[in-house]
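# Observations on the three-dimensional arrangement
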Amino acid sequence: MVIYRGAGFFTLLTPIITVLLLLWLYPDPSVAKGNITLPQFLLGCGIGAAINTVLGFVLNRRPRPEGELARHHFFFLPMQWPSLAIVVVCAAVAAAR
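Residues numbered from 1 in each chain as written. Predicted model: local features only at pLDDT ≥ 70, side-chain atom pairs only at ≥ 80, totals over all residues. Heavy atoms only, no water.

Our focus in this paragraph is the overall build of the protein chain. On a plain count of helices and strands, the protein chain comes out with 3 helices and 3 strands. The N-to-C order of helical and strand elements in the protein chain reads β-α-α-β-β-α. Considering only C-alpha atoms, the protein chain reaches an extent of 55 × 25 × 25 Å along its principal axes. Relative to its full complement of 97 residues, the protein chain shows a buried share of 31%. (Helix = DSSP H or I, 4+ residues; strand = E, 2+ residues; numbered from the N terminus. Buried < 20%, exposed > 50% of the residue type's maximum accessible area, 1.4 Å probe, protein only.)

Looking at where proline 39 falls in the secondary structure, it is placed in helix H2 (residues 38–59). On the basis of relative accessible area, proline 39 is assigned to the exposed category, the value being 61%.

Taken together, Val2, Ile3, Tyr4, Phe9, Leu13, Ile17, Leu21, Trp24, Leu25, Tyr26 and Phe75 make up a surface patch of nonpolar side chains, about 1100 Å² in accessible area. If one sorts the elements of the nonpolar patch by residue count, helix H1 (residues 10–25) sits on top with 5 residues. In this structure, valine 2 sits in the segment before strand E1 (4–5). (Patch = residues over 30% accessible without salt bridge, like charges linked within 9 Å, V, L, I, M, F, W, Y side chains within 5 Å. Areas by Shrake-Rupley, 256 points an atom, 1.4 Å probe, with all protein chains shown as cover. Salt bridge = Lys/Arg side-chain N within 4 Å of Asp/Glu carboxyl O.)

Turning to the sheet that holds E1, a few remarks are in order. Spatial strand order, E1-E2-E3: 3 strands in an open sheet with antiparallel pairing. Every other strand in the sheet has two partners, leaving E1 and strand E3 (77–78) as the edge strands with one partner each. In this sheet, strand E2 (residues 73–74) lies alongside E1 in antiparallel orientation, the contact comprising 2 bridges. Opposite tyrosine 4, over in E2, you have phenylalanine 74 as the bridge partner. (Pairing = 2+ DSSP bridges.)

None of the figures reported here should be taken as evidence of function without further support.
Below, the structure is given as structure tokens:
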């Protein structure tokens, strides 16, 4: 059973790549080499998921017949909704800290 269809795998891949790019391009001097701070992690995940949310809205904008699943989904949800949930969780954790 495949948990994604189409570009749905970007739901997790884009935030991971964004965190790794932040780690590589803008390392935090206050932590050891190869480590990352929580604000930097939340920023990377939030930016990556926000990019994926917009991508999901663009890719899934075509109308579908009744009962047909989204062309690009993750865990049988259109890919923009799990990505939006990641953005909300990152913003809530950042606000709570």
